[in-house]
Structure formats: structure tokens, C-alpha cells
Amino acid sequence: MKEAKLAVALCALALVLGPAVWVARAQDFAPEVLHYADMVFYNGHVLTMDRDQAPFTVTEALAVRDGRILAVGEDERILRMAGPDTARMNLDGRAVMPGIIDTHSHPQDYARYRDIRAYQTALVRGLRSNGIRYITANWETMETVLASFKKGAEVASDGQWIYTAYFSSVDASPEVARTLSRFELDTVAPNNPIWIKKGQGSTGITNTRMLEIIQGIYGQENPGYLKNEEGALTGQLRGPIAETVMKEVIPPIPPELLAPLYKKELEDWLAYGVTTISSKLTGEHITAFSYMDREGILPLRVAYSHEIGVLNNDLERNLRRWGGIQGHGTDRVWLIGISINNTDDDPPGAATGMGGGICTTVPKIHMLPGDAYPEGNCNWDMPGDPSQEAPSIVNRYGYRVSGVHAYGDKGVLQGLAAFAEANREKSILGKRFALDHGPMISPEIIRQAAELGVMWSLQPSILYRYSGMLSQVFGEEIAQRWAMPTKSLIEAGVKVAYGADRRDFQKNPMFNLEVFVTRKNKDGRVYGEREKIDRATTLLMMTRWGSEYVLREKELGSLEPGKIADLAVLDKNPLDPSIPDEDLSEIKVVATIIGGEVVYGSLDPQ
């Protein structure tokens, strides 16, 4: 009782005499009641992002306690919060900003690309644990691929499933993958069910034995069974049925096998000051990241859009069973929405089909060599694609749509039309429905997005890589006016966030800051001079506005008292006007801090 009265008295005294008395008496209390800051940063530039529009407050110092921001302000005030055991970092003119929030990247895929042998080992071990034999097929000719399956069937036990994957490469023939059918596979492996994953999973090839298993589970009416000219099923599957097989029939890789690959990939992002990354994930990915969270080995925060909405004809039934769990998870892994099928493929210049699969209203004036889609490829126009109805279903059960790949203007308009239909049934305003990418955004798209309150995740690396090709294929005017019109989106009231969508040097936020500010592509040309935005606005996209995309604006995205202490310490202040725009990419991360713990670099306490 005496301690309680003393605490009340000290609080009253602090109000009269100021914080100096409160700090001076702090050591009289047990640590459970009050203690000094765990770390303080001083003599620097603290970029707080405390306002939704620039300019935001830039001050000198910052204090952290119990993994959260204790205070920001001038050196003299913040240093009074330091005690004998407080870590002190003299910034010496360096900068501190909130940890970067990357709202569109694919670390689970990058982990596979960076060490394909390790991934294949995990895949083979996972399949083997479920009694499935993995084979490596030679895709050069029809004869070589059939020989591969014949050999695999000879060493497999009777009835054992056989799995392999086809990815286009210099040694793989797209024609073989396009024409291979169950009839050829039956000649070499009639008794072993075969599944061939093509690309990322929305297409596949089976033999008759596997086709019978699939139809026994899902029937014959599920869209995506391809037929030949005689009307017979070929064993080629695409769209909803292929996606369903990959997600529900083929066993996932156990999370303990994926965790080391994912951990190694995510640790790389810490060197760039990224503390939260958002991606669209399958059940296999979510299981792996959740496992890492439980084991305490997840390097950073993962906000995910669930791919349950991708090519799913049972979406309404699934979400009805789920209940409303948007936002559910931990402070490391949480659900931010439902992803639905890509509206189209990649832009001109991309490796896949030379980017011919973009869905646009604008005719091509120039055809790039190797363009696999002269008329473009609008996924939602494909028979059986359920994406038009998906936003209404998602909204009906209390979710938002997020993590959706949309490149061409027609594909984006289709997405917005589906959002508008959902809005007519039940308002989506304020729910932050989102689309990602934006290499072709027309004024009409901007108007509709603003009316519906749609957010956007923009990837400047797309502008950097593809703007020149957009100009070649669709004309200079389209490239100059429609390629990622960032300033126009912001001026219209559309909230935009940032994502890298890359695994090379272009995942560096400071590189992307430079691209947003200069609008220069890889050839040094400026595309969209009017669409340049200033540095402060770009940093807001990477932090405060990004926190809204991942539904954590009350916890992340700014350096304000009470928020989680996710920080990036930079060797230079990106707002320093003496740094030329063209040199912003040279700014380095000194340390990255998540929840008050140093996870990269060093604070070098003084």
C-alpha cells in the first residue's frame, strides 16, 4: 500500500517538476514497475514518419524500451532516459527510420531459385516420405522424356506415384511439354500414376492412371480438363483443376525441410533494412513460416495473402468454413487478405514468353522475338476461371482482396470491375482491397481505384526493367503516360505502398527509392517525368503507407511512442539534399532492429 501511494506521489511530482525528477527517481522502483530505456540513439537524424503526408518530423534522438518506441525527440531529453545498462548509439549524423515494409515479394520462391539443389533435396525427401517417387526428366525431345519415365517406372514399385516438374530452359522443348499426353505416358508407365507440374502449378500433365484418381475425387466437370480434336481427354490439365491437384492432391513439403532454405533467404533482406515482407502464400508456405515462428527462427515479419482464392471453384464453401480470421496470427506471421488469380502474365521483355501475355486494350505495334501471345493473354477470360466472382465472395465473408498480380490495363480494369461488383453487394470502402504492380495504369483506372478506395503495391523495379520494352511494343506515349503513374495515383487519393518483387540487387529499398525519384530505367532514360515523387513521399510508401497494406498501422510503420521498435539505421540521411538523386542507391544499412533486438549489423554502443 505504501508503494502504491509513493508511485502516485511521484507521478504528481513529475507533472509539476517535469521528467527530470521522474528519471532521477526511477532507480528507486523495481524493474517491473519502471526502468530505463534499453537503447538510445542520439546525435543523428530520426525520420519518424509520424504524419500521413510529408513533411514528417525529423528529430535527433530515439529511445527504445521493452521492444517498443519509448520516446523520440532532442538529444538532451532522450539521453536522460538512459541508465547504466542502456545501449547508447552515437549516430554521428547517420539516420534512423522505421523498418522497411515490402508489400510484394516472393521469398519462398527466391529461396528455391538461390539453391535449386537444396530445394530439390527437400522436395524429394518430402515426396519420398509420402511414398512418391521423384524423377528428373530429359525434356529435349519426346523420345528423351518418355525414356525418362520408362526408367522411372522400372525402378518404382507397382502403383507408386511418380512426380516431376517441367520448367522452360535452354535444354527443354516447349513443344514437347505442350503436346505430351496421357497416351504417350501410358506406353511407358501404365501402372504408375504420373503427375508433371508445369511452370508454377496452374498447368500439369497426367497419365491415365493419375487422371482416374483425380476424376474419382473431383469428378469430370471441374474446369481445366483439356481435350483433343476427337473430344478425348489428353491428360493435360490447366486452370482450376490443375491448381486443385497441386494444392490438395500432391503432398506438401514438410516445414522442417523448407525452413533452412527460407531462413537463409530472409536473412538476406535484413541487410537492406527490411523488417516486414508481404507475399501471397499457399498452405505449404504458410505452414513453413508458421513453423519457423514457433521455433523462433523466423528472421523477420511475414504478412501474407492466402492463395485460397486462386482458381478455386469452392472458395465460398472454404471461406464459410474458415470463419472471419483476417488479421489472425502472431506479431511475426499474420493473414492480410485473400489472393485471387493473376489477371495476366508478364510485361514485354520478361523471360516468360517474352512478356507477350500482358492483358491490355492497346494493340501491339511491335512484336518482340519469341512473343508467345501476339494478342496478349487475359487469364480471367479463360473458360472456367472463377476470378470475376471471387472478390464478391471474399467480401461476403469479411475479407479483402490483396496480393493480386495485375499488369496490363485491361486486366486491371477487369479486376476493378469485379471489385465494383463486390461493392454493389456490400461496401468495400475502407477495406483496402488492393492490386499490385502497375506498369500500365490509365487515367480511367486511377479514377475507378480512387472511387473504390483501392490500394496499390508498386514495384519500381518493373519501371526500371520494362519501361523501354513497353515503349517498343505499345508506343512511347503509353510508356510515358501509363507506366506506373505514382504521383497521379497519390494526387487522386489512392494510397500506394512499395514492394521490390526481386531477388537481386533490385530488392534494395534505397535502389528503389532512387528509381521512384529519378524515374530512370536501366538504359538511363526517364519515363514519366511528371510522375516523379519526392524522397519523403517515397519513404512514406516504404513504411507508414506499407503498414496499412499489411493491416498493422497501429503497430508498425512509424517511430512513435508505443509502436514496435522495428528500425533501419542508415549510414546517410536519405533526405539530405547534398546527396544527388542518382546516388541514393549507395546509402547503406548499418543495422536492422526488430522488436528492439539487433538482427543485422551492430549498434557499436558508446
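Whatever comes next refers back to the structure up there.
Counting restarts for each chain: residues are numbered from 1 in the order of the written sequence. In view of the model being predicted, local features appear only for residues whose pLDDT reaches at least 70, and side-chain atom pairs are presented and counted only at 80 or more, with totals across whole chains, interfaces and linings using the full set of residues. Computation of side-chain values: all heavy atoms of the structure, hydrogens and water removed.

Caption draft 1: A look at the overall build of the protein chain. The secondary structure listing takes helices from DSSP runs of H or I that are at least 4 residues long and strands from runs of E that are at least 2 residues long, numbered from the N terminus. A tally of helices and strands in the protein chain yields 22 helices and 24 strands. Radius of gyration means the value over C-alpha atoms here, while the globule rule gives 2.2 Å times the residue count to the 0.38 power. At 27 Å, the protein chain has a C-alpha radius of gyration in line with the 25 Å of a compact globule built from 606 residues. With the C-alpha coordinates of the protein chain rotated into their principal frame, the extents come out at 90 × 55 × 45 Å. A burial count over the protein chain gives 56% of its 606 residues as buried. Between two residues, a contact is recorded if the distance between any of their heavy atoms is within 4.5 Å. For the protein chain, contacts bridging at least 24 residues in sequence account for 71% of all contacts bridging at least 6. When the accessible area of the protein chain is evaluated, it comes to approximately 25,200 Å², of which 51% is carbon and sulfur surface. Only four residue types enter the charge count, namely Lys and Arg as positive and Asp and Glu as negative; His and the chain termini do not. Taken as the charge centre is NZ of Lys, CZ of Arg, CG of Asp or CD of Glu, depending on the residue. Computed over 64 positive and 78 negative side-chain charges, the separation of the two mean positions in the protein chain equals 3 Å. Under the scheme applied here, a residue whose accessible area is under 20% of the maximum for its type counts as buried, over 50% as exposed, and between as partly exposed, the area being computed with a 1.4 Å probe on protein chains only. Here the Shrake-Rupley method, with its probe set to 1.4 Å, supplies the accessible areas, and only the displayed protein chains count as covering residues.

Caption draft 2: Just the sheet that holds strand β20 (residues 455-458), in detail. Strand order across the open sheet formed by 4 strands is β18-β19-β20-β21, with parallel pairing between neighbours. Sheet topology places β18 (405-406) and β21 (496-498) at the edges, where each strand pairs with a single neighbour. The pairing criterion is simple: DSSP has to find at least two bridges between the two strands. By the bridge criterion, 4 bridges tie strand β19 (residues 434-437) to β20 in an arrangement that is parallel. Across the sheet, the residue bridging to aspartate 436 is serine 457, located in β20. Axes here refer to lines fitted to C-alpha atoms; in helices the fit is confined to the stretch in contact. Angles between the N-to-C directions go from 0 to 180 degrees. The strands touched by helix α15 (residues 409-425) are β18, β19 and β20; relative to β19, the strand with the most contacts, the crossing angle is about 170 degrees.

Caption draft 3: Geometry of the packing of helix α4 (residues 107-114) against helix α11 (residues 255-270). Contact geometry for α4 and α11: axes closest at 9 Å, N-to-C directions at 105 degrees. The orientation of α4 relative to α11 falls into the category roughly perpendicular. Contacts between α4 and α11 pair Pro107, Gln108, Tyr110, Ala111 and Arg114 from the former with Leu261, Tyr262, Lys264, Glu265, Leu266, Asp268 and Trp269 from the latter. Each angle is binned into one of four classes, with values under 35 degrees roughly parallel, values over 145 roughly antiparallel, values of 65 to 115 roughly perpendicular, and all other values oblique.

Caption draft 4: Here's a closer look at the pattern of salt bridges. Here a salt bridge means any side-chain nitrogen of Lys or Arg lying within 4 Å of a carboxyl oxygen belonging to Asp or Glu. This model, assessed by the stated rule, comprises 35 salt bridges. A salt bridge links lysine 150 to glutamate 154; the shortest N-O distance between them is 2.8 Å. Within this pair, lysine 150 and its partner glutamate 154 are both found in helix α6 (residues 142-155), separated by 4 residues, close to a single helical turn. Its relative accessible area of 56% is what places glutamate 154 among the exposed residues. Put simply, glutamate 491 and arginine 530 hold a salt bridge, and the shortest N to O gap is 2.7 Å. With glutamate 491 in helix α19 (residues 486-491) and arginine 530 in the loop between α20 (509-518) and α21 (535-542), this pair connects stretches of sequence that are 39 residues apart. Within this structure, Asp52, Lys495, Arg544, Glu548, Glu560 and Lys563 form a network of salt bridges that share partners.

Caption draft 5: Here's a closer look at the nonpolar core. Counting 125 residues, the largest nonpolar core has Trp195 and Trp456 as the members making the most contacts within it. Top element by residues in this core is α11. It accounts for 8 residues. Grouping buried Ala, Val, Leu, Ile, Met, Phe, Trp, Tyr and Cys residues that are joined through side-chain atoms within 4.5 Å yields what is termed a nonpolar core. Ala137, Ala153, Ala172 and Val188 belong to the second largest nonpolar core, which has 20 residues in total.

Caption draft 6: Structural view of the pairing of strand β5 (residues 68-73). Where strand β4 (residues 61-65) lies against β5, 5 bridges are found, and the strand directions are antiparallel. If you follow arginine 65 over to β5, its bridge partner there is arginine 68. Hairpin connection from β4 to β5: 2 residues lie between these consecutive antiparallel strands, with aspartate 66 at a positive phi of about 55 degrees.

Caption draft 7: Examining the environment of phenylalanine 505 more closely. Assignment of secondary structure puts phenylalanine 505 in the loop between β21 and α20. Taking the C-alpha atoms as reference points, phenylalanine 505 and tyrosine 272, 233 residues apart in sequence, are found 9.9 Å from one another. Residues contacting phenylalanine 505, with those up to four places away along its chain left out, are Tyr464 and Phe511.

Caption draft 8: Focus on the side chain of asparagine 508. Its location among the elements puts asparagine 508 in the loop between β21 and α20. Given the relative accessible area of 12%, asparagine 508 is considered buried. For the purposes of these results, a polar contact is taken to be a pair of N or O atoms within 3.5 Å, where, inside protein, one atom must be able to donate a hydrogen and its partner to accept one; residues adjacent in sequence count only when each atom of the pair is a side-chain atom. A polar contact is formed between the side chain of asparagine 508 and the backbone nitrogen of methionine 510, at a distance of 3.0 Å. When residues no more than four places from it in sequence are discounted, the contact partners of asparagine 508 are Tyr272, Tyr498 and Ser585.

Caption draft 9: How the structure looks around the environment of proline 255. In this structure, proline 255 sits in helix α11. Separated by 31 residues in sequence, proline 255 and isoleucine 286 place their C-alpha atoms 9.0 Å apart. Those residues in contact with proline 255 that lie beyond four places of it in its chain are Thr287, Ala288 and Tyr291.

Caption draft 10: Structural view of the pairing of strand β11 (residues 194-198). The buried count for β11 comes to 5 of 5 residues, which makes it a mostly enclosed element. When strand β10 (residues 162-166) meets β11, the two strands line up parallel, connected through 5 bridges. Pairing of tyrosine 166 across the sheet is with lysine 198, part of β11.

Caption draft 11: Local environment of the state of the cysteines. A pair of cysteine sulfur atoms is labelled a disulfide when the two atoms are within 2.5 Å. For the structure shown, the criterion picks out 1 disulfide. Paired through a disulfide, cysteine 359 and cysteine 378 show a sulfur-sulfur distance of 2.0 Å. Because the sign of the S-S torsion sets the handedness, a value of about 95 degrees for the bond joining cysteine 359 and cysteine 378 places this disulfide among the right-handed ones. One end of the pair, cysteine 359, is in the loop between β17 (333-340) and α14 (390-396); the other, cysteine 378, is in the loop between β17 and α14, and 19 residues separate them in sequence. For the pair formed by cysteine 359 and cysteine 378, the shared burial category is buried.

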